[in-house]
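For reference, the chains in residue letters:
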Amino acid sequence: MTEPRSPASGLTWARVCKECGQGHEAQDGHLYEYRSDVDDELVCHICLQPLLRPVDTPCGHTYCQQCLSSFLGEQDFCPVDRKQLQLQQCHPSSHLVRNLLDKLTVLCPFHSECQETMQRCELQPHLHNRCPAFRRLREEAERRKRPSWNELKGSRSEGESDTKSTPALSRTSNLRGTTEPGPAHPSEEGGDDGAPLRSSLVAEANIVELFRKEPDEDLGLRIVGGKDTPLGSIVIQEIVRDSVAGRDTKLAPGDHILEANDVSLTSVPHVHAIAVLRRPCASIRLTVMQEKGFKPRAEVYPHPHTPATQASHNPSTVIQVTLVKREHSEPLGIKLIRKTEELGVFILDLLPGGLAAKDGKLRNNDKVLAINGHDLRHGTPESAAQIIQASEVRVNFVVMRHLDTNEDGGDVQSRGARRAPDIQYFRRRSIFMKDPPGGFSSQEKTVNLKKEPRHSLGITIAGGRDCRSRLPVYITSVQPVGCLHRDGTIRPGDVLLSINSVDLTQLTYNEAVSVLKSQTAQSSVTLSVIRTVAEEEEEDREAASKEEMDTLEGPREDNLNWTPLWTRWLGLPSHMHWCRDIVLLKTNNESWGFSIVGGYEEHRGQQPFFIKTIVPGTPAHFDGRLKCGDEIVAVNGATTVGMNNSSLIPMLKLQRNKVILTVVSWPGSLV
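None of these values were measured; they are calculated from a predicted model.

**Considering the overall build of the chain**
- The helix and strand inventory of the chain stands at 17 helices and 35 strands.
- At a minimum sequence separation of 6, the contacts of the chain that also span at least 24 residues come to 67%.
- Approximately 31,000 Å² of the chain is accessible, and the part contributed by carbon and sulfur atoms is 49%.

**Re unusual backbone geometry**
- With a phi close to 60°, Leu48 is a non-glycine residue in the positive phi region.
- Structurally, the position occupied by Leu48 is in the loop between strand 1 (33-34) and strand 2 (54-56).
- On the accessibility criterion, Leu48 (60% relative accessible area) is exposed.
- Residue Asp262 is not a glycine yet carries a positive backbone phi of 70°.
- In this structure, Asp262 sits in the loop between strand 11 (256-260) and strand 12 (263-264).

**Focus: the sheet that holds strand 5 (residues 105-107)**
- Read from one edge to the other, the open sheet built from 3 strands follows the order 1-5-6, with strand pairing classed as antiparallel. Edge positions in the open sheet fall to strand 1 and strand 6 (117-119), since each of these has one partner strand only.
- Across 2 bridges, the pairing between strand 1 and strand 5 is antiparallel. Opposite Tyr34, over in strand 5, you have Val106 as the bridge partner.

**Re the packing of aromatic side chains**
- All chains considered together, the criterion is met by 6 aromatic pairs.
- An angle of 80° between the planes, with centres 6.0 Å apart, marks the rings of Phe110 and Phe134 as edge-to-face. Residue Phe110 is found in the loop between strand 5 and strand 6, and its partner Phe134 is found in helix 4 (residues 132-145); the two are separated by 24 residues along the sequence.
- Exposure remark for Phe110: the relative accessible area of 2% places this residue in the buried category.
- The interplanar angle of 10° and the centroid separation of 5.4 Å between the aromatic rings of Trp569 and Trp666 together place this pair among those described as stacked. With Trp569 in helix 15 (residues 566-570) and Trp666 in the loop between strand 34 (658-664) and strand 35 (669-670), this pair connects stretches of sequence that are 97 residues apart.
- On the accessibility criterion, Trp666 (5% relative accessible area) is buried.
- Taken together, the aromatic side chains of Tyr474, Trp569 and Trp666 make up a single cluster linked through ring pairs.

**Here we look at the sheet that holds strand 2**
- Ordered by their spatial adjacency, 3 strands build an open sheet running 3-2-4, and the pairing between neighbours is antiparallel. Edge strands, defined here as strands with exactly one partner in the open sheet, are strand 3 (62-64) and strand 4 (91-92).

**Overview of the pattern of salt bridges**
- Scanning the entire structure with this criterion turns up 13 salt bridges.
- A salt bridge links Arg338 to Asp242; its shortest N-O distance comes to 2.9 Å. Pair noted here: Arg338 is in the loop between strand 15 (334-337) and strand 16 (345-350) and Asp242 is in the loop between strand 10 (234-239) and helix 6 (244-248), with a separation of 96 residues, a long-range link.
- For Lys250, the salt bridge is made with Asp248, and the minimal N-O distance between the two is 3.7 Å.
- Judged by its relative accessible area of 43%, Lys250 is partly exposed.

**Overview of the side chain of Arg580**
- Within the fold, Arg580 resides in strand 29 (residues 578-585).
- The buried charged residue Arg580 lacks any salt bridge, with Asp630 as its nearest oppositely charged partner at 4.1 Å.
- A distance of 3.0 Å separates the side chain of Arg580 from the backbone oxygen of Arg625, its partner in a polar contact.

**Some remarks on the pairing of strand 31 (residues 605-614)**
- Of all 10 residues in strand 31, 9 are buried; the element is thus mostly enclosed.
- Where strand 31 meets strand 32 (residues 631-635), 2 bridges bridge the pair, whose relative direction is antiparallel. For Phe609, the partnering residue across the bridge sits in strand 32 and is Ile632.

**Some thoughts on helix 12 (residues 509-520)**
- With 12 residues, helix 12 extends 16 Å between its outermost C-alpha atoms, agreeing within 8% with the 16 Å of an ideal straight helix rising 1.5 Å per residue.
- All of the buried residues along helix 12 are Ala512, Val515, Leu516, Gln519 and Thr520. Seen along its axis, helix 12 keeps its buried residues to an arc of 120°; they face one direction. Looking at helix 12, the residues exposed on the side facing more than 90 degrees away from the buried face are Asn510 and Lys517.
- Elements that come into contact with the buried residues of helix 12 comprise strand 24 (459-464), strand 25 (471-478), strand 26 (495-499), strand 27 (502-503) and strand 28 (524-534).

**Overview of the UniProt feature "domain: RING-type" (unreviewed entry) in the chain**
- UniProt records the feature "domain: RING-type" (unreviewed entry) at residues 44-82, using the numbering of this structure.
- Taken as a whole, residues 44-82 contains 21% helix and 15% strand, while its terminal C-alpha atoms sit 16 Å from one another.

**Things to note about the side chain of Asp255**
- Mapping Asp255 onto the fold places it in the loop between helix 6 and strand 11.
- Arg377 is the oppositely charged side chain nearest to the buried, salt-bridge-free Asp255, at an N-O distance of 7.1 Å.
- A distance of 2.9 Å separates polar atoms of two side chains, one belonging to Asp255 and the other to Gln290.

**Topic: the environment of Glu19**
- Tracing the backbone through its elements, the reader meets Glu19 in the segment before strand 1.
- By relative accessible area, which is 28% here, Glu19 ends up partly exposed.
- For the pair Glu19 and His128, spaced 109 residues apart in sequence, the C-alpha separation works out to 8.9 Å.
- Those residues in contact with Glu19 that sit more than four places away from it in its chain are His30, Tyr32, Leu123, Gln124 and Leu127.

**Topic: the nonpolar core**
- Membership of the largest hydrophobic core comes to 45 residues, with the highest contact counts inside it found for Phe594, Ile596, Leu626 and Leu661.
- Core analysis: the second largest hydrophobic core is formed by 36 residues, Val43, Leu72, Cys108 and Ala133 among them.

**Considerations on the environment of Arg377**
- Its place among the elements puts Arg377 in the loop between strand 18 (374-375) and helix 9 (381-390).
- Overall, the relative accessible area of 14% leaves Arg377 in the buried class.
- It is 9.1 Å that separates the C-alpha atoms of Arg377 and Phe622, two residues lying 245 residues apart in sequence.
- Those residues in contact with Arg377, other than ones at most four positions away along the chain, are Ala252, Leu343, Gly344, Lys367, Leu369 and His621.

**Points about the confidence of the model for the chain**
- With 76% of its residues at a pLDDT of at least 70, the chain reaches an overall mean of 76.
- This model gives residues 1-8 a pLDDT under 50, and the stretch forms 21 contacts once residues within four places in sequence are excluded.
- Note on residues 187-199: pLDDT under 50 across the span, and 42 contacts to partners over four residues away in sequence or across chains.

**Some remarks on the environment of Leu376**
- For Leu376, the location among the structural elements is in the loop between strand 18 and helix 9.
- Between the alpha carbons of Leu376 and Val345 there is a distance of 7.0 Å; along the sequence they are 31 residues apart.
- Excluding residues within four positions of it along the chain, Leu376 makes contact with Gly344, Val345, Val368, Leu369, Ala370, Ile371, Ser383, Ala384 and Ile387.

Calculation rules
Residues numbered from 1 in each chain as written. Predicted model: local features only at pLDDT ≥ 70, side-chain atom pairs only at ≥ 80, totals over all residues. Heavy atoms only, no water. Helix = DSSP H or I, 4+ residues; strand = E, 2+ residues; numbered from the N terminus. Contact = heavy atoms within 4.5 Å. Areas by Shrake-Rupley, 256 points an atom, 1.4 Å probe, with all protein chains shown as cover. Buried < 20%, exposed > 50% of the residue type's maximum accessible area, 1.4 Å probe, protein only. Pairing = 2+ DSSP bridges. Phe/Tyr/Trp six-rings, centres within 6.5 Å; stacked < 30°, edge-to-face > 60°. Salt bridge = Lys/Arg side-chain N within 4 Å of Asp/Glu carboxyl O. Lys, Arg positive; Asp, Glu negative; His and termini not counted. Polar contact = N/O pair within 3.5 Å; in protein donor to acceptor, adjacent residues only side chain to side chain. Expected span 1.5 Å × (residues − 1). Arc of directions from axis to C-beta. UniProt positions renumbered as here; feature names shortened; annotations may be inferred. Core = buried A, V, L, I, M, F, W, Y, C linked by side-chain atoms within 4.5 Å. pLDDT = per-residue confidence, 0-100.

Structural data, given as structure tokens:
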């Protein structure tokens, strides 16, 4: 067997694949050293290697997805029988085939220093958690990248903020290992003793390919931003559980989407980006810029391989716990679940007499953020169980324990097993009056109808102040059989203001339905709505194709959870906003962990402040409530209206250990 190029043979950390441990270009497939011969049925007929991410053709052949995609980029037939073939006709292979491939036995690529063998699916956890050579290479790279204190003092401080969108990043030939400095953050670079605490923020460009079962299936991403908004770039706000992106697990909230199937999204309006991401296709190739966080000092977070087994507590309620098994197969005695109201993996119960119960540091309802370095913020109990089963004797947990802080600053108390949404989010009608972002506005529309009492208005609605995002009630469809369709004034996405002078703006969904039914029974109906307007979006709609616009204007017949685009909410007047308070806690040597855009801009005037980035491993990230695209309307009760960066940033920096952010949050556009 030919020996692949090994990282131990002189390749740098940046050139080493973090999944297979070999040196190869980002566009090439992973390389593995197999312990024994592989059955021909599991070999790709293009690369003649065991299949990677196998896909089946309608004519019954199986290839590596990347191999077939490259082949069909130049040809239009199956490589074996030469029948006409398009990539959209192919589908991922069965779980049985993928399981057989995952169980193939491979050698550690650092075989000169590590003689371990394992199943192919266990190689990546082995490299990141057990391989001494891989760990040494990573630590050497981190030491070389760590800047001196003089370099830190000369760099841009975190007290600055993004006043413009991040410049477009050119695509490189090798995106794996590419690093760019991230945006600045409102926090302190050094502690009171003047010691350096963090190096510059690092981001990495990666390619993620998602596969749909049906060409028009939603990816499960909620998107904010665009060149027509203060955020500038296209950012993932949220990932829907059990969706295409949710099952893939490689994307995370806060990732900036640079390209989709080689179409640049770095400087396009929001509506154009959504149209590109919604185009029907079997697979979509995303180039994303992902924040990798700050590089902490060694003493801040102990290395998972150190013998420390103490749980370390900090004000942000993130706890690190290490459980040591007596043997590889010993169970931990932990029951893991998922919750309907929150993403992630949670501890349901600790079995009496089990290792975790005896250790006593984990608790019921702890949210599992990571196990052995694997990010599980959007993971599943099944993936967590696989990581635990693949671990050796030491299992490192990072969990978040929810705490309540009394408004008077009293002691903290543990939350219950299920968080009550109304109490958790402190949702209320906003009292902070302000103008919408530049380029966004709203128009009121009123319709007066004379109708038979038995005739329906012919509209369906959604939203309500009791829904997850506390949205006002809005129209999702106007039926062809109703009175409003014949009038033609009302459209999907319009927000209901009143009917027959009865205010609808602060009602729950059921309250709105009840009022509409009672008022519609009258022979005369006066309905008032508000419609938001985005100037650049309207211009882009005129230039775009009719097919693309049809995907944006209204819901498909089978889509019961349709919401307007994110930009549609930005033009609403502030008296219709609902806000919530988010309390962040930190120690003096931490960053708050978010970047902001907005404030005064010469060409647009005063702009609201928006959250653009949330950095992994920081209080804002671990708290989990702050989202990209959230608008900051107040800090510690003081309005941000009229502020510029030179006044808001010092205010945030002065908050040494606690800050209360009052934010308005709108759901991102679903793609």
